[in-house]
Amino acid sequence: MSEYGRSVGEVARRLGVAVTTLRTWHQRYGLGPSEHVAHRHRRYTPDDVARLEVMCRLTTEGVPAHEAARIALAGLPGEPAPARLAPVADPSARGLTVAAVRLDMPAMLSTIASAVRGRGVVYAWDHLLCPVLVEVARRQEPDHHMIEVEHLLSRCILEVLWTVPRPFGASAARTLLACAADEQHTLPLEALAAALAEQGCGSRMLGARVPPLALADAIRRTGPAAVFIWSQFTPTGDPAQLEPVLAARPRPALIAAAGPGWGDPLPPGVSRPADLSDALRLALPVTTRRDH
Ligand code: B12
């Protein structure tokens, strides 16, 4: 890149589009070069190029140009540039981050739904939803803005996860899911519920902030084969609250303390999944058994 940013020709070569296309996008949608240098053509800054990368990707995916331009411009003005995401992230993660920042609920729902329907819950969770959640949280840190973004993104994730059809019948709901006492982060357990449902396994989701004695009662009343208790952060991850769960009868074949919040050591007999796939690997053998 030259001292003054990129020329239109350089950007066209880098993105693999025609110079005339870039000029059209500039004129129609304002996706042009923003750096002005006296007596020279305007130059494309790194942020201009990042926006054009979003535009190229979305139009390649079939998003209409005016809609793609609206999403690509979401970082303007004064808002953070489109996310720089970890390489494992799905290509649509950047678009979802931009849509989240814009509070663009229809775009969020459609991106999340196409990942969940096209690639399945585990892929969507690992490669799209987690990277975007982490990115949104990262952007919050300096000045505590964007809480509304986190809330609406969470809502959209939940709405799509809830559309995964739940099985009914005898083998339904052999897994019990509950957040630890005072724990409000429910998304990972909702992802597990949806991933189990994809495999034909139902679950009972008790949701946020479940006191240990209430969880023990639920075990006694429903006799689950597997129980997952989620702690997202250390204030909710005291292993002592697992004792009433371990004492409850009938004893579930699997008792798993999931999430990064749990303290050490966990009581004997409690499993600790590393991620969503691992949680499924632990749950499926015990919940698909038909022997009781
Ligand atoms: C969405 C969100 C919320 C939403 C939750 C909505 C919902 N319905 O779940 C709301 C707004 C309610 C919320 C509230 C709060 N939040 Co919050 N939240 C988040 C956010 C952005 C995503 C949480 C999430 O789903 N993470 C899941 C993935 C993305 O992260 P992960 O746990 O690291 O996932 C991996 C492992 O856990 C592992 N794994 C291991 N076992 C298993 C098992 C299964 C089944 C699965 C699926 C995965 C898994 O796999 C995952 C990777 O694939 C995180 C940011 C983050 N980095 O997580 C902050 C975050 C967790 N929140 C944070 C905080 C501080 C709060 C509040 C205290 C804020 C406040 N002042 O009120 C409250 C907590 C209230 C409470 N008592 O619980 C902090 C926690 C800091 C800390 N470590 O101590 C974080 C890290 C943000 C930050 N950077 O500061 N939050």
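Residues numbered from 1 in each chain as written. Predicted model: local features only at pLDDT ≥ 70, side-chain atom pairs only at ≥ 80, totals over all residues. Heavy atoms only, no water.

Just checking my understanding: could you explain the coordination of the cobalt atom of the ligand for this structure?
Note on metal sites: the ideal angle is 109.5 degrees for four tetrahedral donors, and 90 or 180 degrees for six octahedral donors. Looking at the protein side alone, the cobalt atom of the ligand has one donor only, His185 (NE2), at 2.3 Å. Along the chain, the position of His185 falls in the loop between strand S1 (175-179) and helix H9 (187-198). (Donors = N, O, S within 2.8 Å, 3.2 Å for Na, K, Ca; no water. Helix = DSSP H or I, 4+ residues; strand = E, 2+ residues; numbered from the N terminus.)

Would you mind going over helix H6 (residues 105-119) with me for this structure?
Residues that lie three or four places apart on an α-helix share one face, since the helix turns once every 3.6 residues. For H6, built from 15 residues, the straight-helix expectation of 21 Å at 1.5 Å per residue is met to within 8% by its first-to-last C-alpha distance of 21 Å. Looking at where H6 begins, the residue whose side-chain oxygen comes 3.2 Å from the main-chain nitrogen of Ala107 is Asp104. Of the residues one or two after H6, Gly120 is the one with positive phi, at around 95°. (Expected span 1.5 Å × (residues − 1). Polar contact = N/O pair within 3.5 Å; in protein donor to acceptor, adjacent residues only side chain to side chain.)

Can you help me understand the environment of Leu189 in this one?
Considering the arrangement of structural elements, one finds Leu189 in helix H9. Separated by 11 residues in the primary sequence, Leu189 and Ala178 place their C-alpha atoms 7.6 Å from one another. For Leu189, the contacting residues outside a window of four places in its chain are Leu177, Ala178, Cys179, Met205, Phe228 and Trp230. (Contact = heavy atoms within 4.5 Å.)

I keep staring at the sheet that holds strand S3 (residues 226-230) and nothing clicks. Help me out?
Pairing between the strands of a sheet is mediated by backbone hydrogen bonds and can be parallel or antiparallel. Read across the sheet, 4 strands follow the order S2-S1-S3-S4 without closing on themselves; strand pairing throughout is parallel. The open sheet has two edge strands, strand S2 (203-205) and strand S4 (254-258), and neither has a second partner. Neighbour-to-neighbour, the strand axes of the sheet open up by a mean angle of 15°, direction not taken into account. In the sheet, S1 pairs with S2 via 3 bridges, with the strands oriented parallel. Opposite Leu177, over in S2, you have Met205 as the bridge partner. Relative to S1, H9 is tilted by about 165°, and along the sheet it contacts S1, S2 and S3. (Pairing = 2+ DSSP bridges. Axes fitted to C-alpha atoms, helices over the stretch in contact; angles between N-to-C directions.)

Is there a simple way to think about the layout of surface pockets in this case?
Where empty space is left in the structure can be found by rolling a water-sized probe over the atoms. For the largest pocket, the calculated volume is near 980 Å³. Lining the largest pocket are 34 residues, and of these Trp125, His185, Pro188, Trp230 and Gln232 lie nearest its centre. Listed by contribution, the elements that provide at least two residues to the lining of the largest pocket are helix H7 (121-140), helix H8 (147-161), H9, S3, S4 and helix H12 (276-287). Per-element tally for the lining of the largest pocket: the top contributor is H7, with 8 residues. Of the domains in this structure, domain 2 (89-163) and domain 3 (175-287) are the two that each give at least three residues to the lining of the largest pocket. (1 Å grid on protein atoms, 1.4 Å probe; cavity = no way out; pocket = protein on both sides within 12 Å on 5 of 7 lines; lining within 4 Å. Points joined across faces, edges and corners; volume = space filled by probe spheres on them. Domains from an automatic or database assignment.)

Help me understand the confidence of the model for the protein in this model?
Reading predicted coordinates in detail is not appropriate for stretches of low pLDDT. On average, residues of the protein score 89 in pLDDT, and 89% of them reach the 70 mark or higher. Counted against residues more than four places away or in other chains, residues 76-87, with its pLDDT under 50, gives 24 contacts. (pLDDT = per-residue confidence, 0-100.)

Before we go on, may I ask you to explain the pattern of salt bridges in this structure?
If charged atoms from side chains of opposite charge come close, those side chains can pair. According to the stated counting rule, one finds 11 salt bridges in the structure shown. Taking the shortest distance from any N to any O, the salt bridge between Glu135 and Arg138 comes out at 2.8 Å. Of this pair, Glu135 and Arg138 both sit in helix H7, separated by 3 residues, roughly a single helical turn. Judged by its relative accessible area of 5%, Glu135 falls in the buried class. The network of salt bridges with common partners includes Arg14, Glu53 and Arg94. (Salt bridge = Lys/Arg side-chain N within 4 Å of Asp/Glu carboxyl O. Buried < 20%, exposed > 50% of the residue type's maximum accessible area, 1.4 Å probe, protein only.)

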